[in-house]
Amino acid sequence: MIRFKTILVIVFSLAPANLVFSQSFSAQLGKVEALGDLTNAPAFQEAKDFDLEADPSSDVRAIYYDGLDWKGKPTKVFAILGLPKERQGKVPAIVLVHGGGGKAFPEWVKNWTDRGYAAISMSVEGHRTTRQSHAWPGPERDGIYHDSSEPLTDQWMYHAVADTILANSLMRSLPEVDASKVGLMGISWGGVITSTVVGIDDRFAFAIPTYGCGDLATAANQYGRALGDNDVYQNVWDPMLRLDKATMPMLWFSWPQDKHFPMNHFAASYQAAAGDRMVSLVPNMRHGHGPPWRRPESYAFANSVIQTGRPWCTQTTALVNDGRAKVRFNSTKPIENGVLVWTADVGVTGLRKWVETPATLQTDGLTATVSADLPPNATAWFMNVVSGDLIASSDYQSVTSDTSTSLD
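Here we summarise the structure given alongside this text. (Residues numbered from 1 in each chain as written. Predicted model: local features only at pLDDT ≥ 70, side-chain atom pairs only at ≥ 80, totals over all residues. Heavy atoms only, no water.)

Section: the environment of Pro249
With respect to the element layout, Pro249 can be found in the loop between α6 (231-237) and β8 (250-254). Given a relative accessible area of 10%, Pro249 falls into the buried group. For Pro249 and Met278, which are 29 residues apart along the polypeptide, the C-alpha to C-alpha distance reads 7.8 Å. Among all residues touching Pro249, those that are not within four sequence positions of it are Ala205, Phe206, Ala207, Asp276, Phe301, Val305, Gly309 and Pro311. (Helix = DSSP H or I, 4+ residues; strand = E, 2+ residues; numbered from the N terminus. Buried < 20%, exposed > 50% of the residue type's maximum accessible area, 1.4 Å probe, protein only. Contact = heavy atoms within 4.5 Å.)

Now the structure itself:
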């Protein structure tokens, strides 16, 4: 028989461990949030050991800038920094964060300098090229947060976030740059970093998480398998922990067939963010660095925020009544077409078959309303509206029952 005194001993012996567990995460969260204090511009130098082909149309150079110490050793971050060749006065700027297997991309920088932006693309995995290290590297990414057992300040995400915030501070310090107009774009793992950084560094004028997002611990794919039991991700790194602090306008840019970052988790992330949001889900865009570079959505969104302070197109209401879906958008560009994008399948959204069906379009000034009958077997849907080559989307909707919701 277990005595009452024994039970008390067991209870009180467990309580301190749980308390320490909670305090440990609280301390780590504090250290992550303190990365937002990296507002002083890091020192930087020319990367004389890197041969960057000269491009007469852009002012582009390779640099190293100072990162945080890693395992007691100083680090430097390799980056490509560019300014538009033709400029009058201060220019807007953007920080560009690559995805897994990526690097500091000169061509990505040039895509933005050609459009009048200063841009910096840095390597967040301690490389100079995709696999070539340098003399002062920081950590490489270890799978999907596989380094969570390491001290927080030795973890890859800690340094990736710091490198991104330091890049912002560097760009804001340049005399050619308008410090109030520096944006952020990240692709895939860079999208995860972007989703994390926006809740820590509130100085960004806009942000464009592409593919990558938060809320991945329950994803029914490799992310859920890796993170379902990862307490450090769930309590320290999940962007959902701080997206409510992200007040800048954001473009959430992806495609419904993405196998890595499912639409329901992508939607949970953008619905958690506090600022104005625009969603662009481009069917068949594919996953990689090149597809979003080649499309116009990121550039149009950045221009609209720089010029007006808001996205050029946003959803205001989404309704389903008697099986008919209706979505209203506010748009400063003419809307030419509307499309219902839907699926009858279940499971990971990126593995489903998605169908595009014409929708009815009505316009009235800056308002565009698109509507279509939902197929009775539809399990999820969203509406796309088209303006020239641009696509803007409504929120992803999972079908459970008829709903009537307003996002005004």
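So, next bit.
Remarks on helix α3 (residues 156-173)
Spanning 18 residues, α3 covers 26 Å between terminal C-alpha atoms, matching the ideal 26 Å at 1.5 Å per step. The buried count for α3 comes to 16 of 18 residues, which makes it a mostly enclosed element. (Expected span 1.5 Å × (residues − 1).)

Section: the layout of surface pockets
Of the pockets and cavities examined, the largest pocket occupies roughly 410 Å³. Around the largest pocket, the lining is made up of 22 residues, and of these Arg277, Arg310, Thr314, Gln315 and Thr316 lie nearest the centre. Broken down by secondary-structure element, the contributors of at least two residues to the lining of the largest pocket are β9 (277-281), β10 (313-321), β11 (324-331) and β17 (390-393). Among the elements that take part in the lining of the largest pocket, β10 stands out by supplying 4 residues, more than any other. Residue composition of the lining of the largest pocket, grouped by class: 9 nonpolar, 8 polar and 5 charged. (1 Å grid on protein atoms, 1.4 Å probe; cavity = no way out; pocket = protein on both sides within 12 Å on 5 of 7 lines; lining within 4 Å. Points joined across faces, edges and corners; volume = space filled by probe spheres on them. Nonpolar A, V, L, I, M, F, W, Y, C, P; charged D, E, K, R; others polar.)

Here's the deal with the pattern of salt bridges
What the rule picks out here adds up to 12 salt bridges. The salt bridge involving Lys181 is made with Asp178; its shortest N-O contact spans 4.0 Å. On the basis of relative accessibility, which here comes to 28%, the residue Lys181 falls in the partly exposed class. (Salt bridge = Lys/Arg side-chain N within 4 Å of Asp/Glu carboxyl O.)

Here we look at empty space enclosed by the protein
Applying the stated rule across the entire model yields 2 cavities of 30 Å³ or more. Computed from the structure, the largest cavity encloses a volume of approximately 100 Å³. Lining the largest cavity are 15 residues, with Lys76, Val77, Gly126, Gly138 and Asp163 sitting closest to its centre. Broken down by secondary-structure element, the contributors of at least two residues to the lining of the largest cavity are β3 (76-84) and α3. Looking at side-chain class alone, the lining of the largest cavity contains 5 nonpolar, 7 polar and 3 charged residues. Its boundaries defined by the atoms lining it, the second largest cavity holds a volume of some 40 Å³. For the second largest cavity, the full set of lining residues is Arg141, Asp142, Gly143, Tyr145, Asp147, Trp156, Met157 and Trp189. By residue class, the composition of the lining of the second largest cavity is 4 nonpolar, 1 polar and 3 charged.

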